[in-house]
Amino acid sequence: MVQEKHYAIMKDGTKIYYETCGSGPTLVFLHGNGSNGRFFSYQVPFFEKNHRLIIVDSRGHGHSTNNA
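Residues numbered from 1 in each chain as written. Predicted model: local features only at pLDDT ≥ 70, side-chain atom pairs only at ≥ 80, totals over all residues. Heavy atoms only, no water.

This part takes up the overall build of the chain. What the chain contains, in helices and strands, is one helix and four strands. Traced from its N-terminal end to its C-terminal end, the chain shows the element sequence β-β-β-α-β. Compactness check: the chain gives a C-alpha radius of gyration of 12 Å against a globular reference of 11 Å for 68 residues, within 12% of the reference. Considered along the principal axes of its C-alpha atoms, the chain spans approximately 35 × 20 × 15 Å. Residues classed as buried in the chain amount to 31% of the 68 residues present. Long-range contacts, defined here as pairs at least 24 residues apart, represent 61% of the contacts in the chain between residues at least 6 apart. For the chain, the exposed surface amounts to about 4600 Å²; the carbon and sulfur share of it is 54%. (Helix = DSSP H or I, 4+ residues; strand = E, 2+ residues; numbered from the N terminus. Rg over C-alpha atoms; globule rule 2.2 N^0.38 Å. Buried < 20%, exposed > 50% of the residue type's maximum accessible area, 1.4 Å probe, protein only. Contact = heavy atoms within 4.5 Å. Areas by Shrake-Rupley, 256 points an atom, 1.4 Å probe, with all protein chains shown as cover.)

Take a look at the structure:
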């Protein structure tokens, strides 16, 4: 699994971390509170075979910051 690592910068300066991998129709993986994108580590190998995945760390979780 080759994942590209990115940050989206919000207006308030918060950095939202996300990873992308795979190709095909896009699926977005967004975890619940108290977790991070690694929550989906067992699902990624299956879905990346036929889909482009975007795996997001919510604001203030994982690698994302929270400047709000």
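Time to look at the sheet that holds strand 3 (residues 26-30). Here we have four strands laid out as an open sheet, ordered 1-2-4-3, and mixed in their pairing. Two strands in the sheet have a free side with no partner beyond their single neighbour: strand 1 (4-9) and strand 3. Direction aside, neighbouring strands of the sheet carry axes that sit 25° apart on average. Alignment of strand 3 against strand 4 (residues 52-56), held across five bridges, turns out to be parallel. Residue pairing in the sheet places phenylalanine 29 in a bridge with isoleucine 55 of strand 4. (Pairing = 2+ DSSP bridges. Axes fitted to C-alpha atoms, helices over the stretch in contact; angles between N-to-C directions.)

A separate point is the side chain of glutamate 19. Mapped onto the secondary structure, glutamate 19 falls in strand 2 (residues 15-22). Although glutamate 19 is buried, it makes no salt bridge; lysine 5 carries the closest opposite charge, 4.5 Å away. One polar contact links glutamate 19 to tyrosine 17, side chain to side chain, over a distance of 2.5 Å. When sequence neighbours within four positions are dropped, the list of residues in contact with glutamate 19 reads Gln3, Glu4, Lys5, Leu53, Ile54 and Ile55. (Lys, Arg positive; Asp, Glu negative; His and termini not counted. Salt bridge = Lys/Arg side-chain N within 4 Å of Asp/Glu carboxyl O. Polar contact = N/O pair within 3.5 Å; in protein donor to acceptor, adjacent residues only side chain to side chain.)

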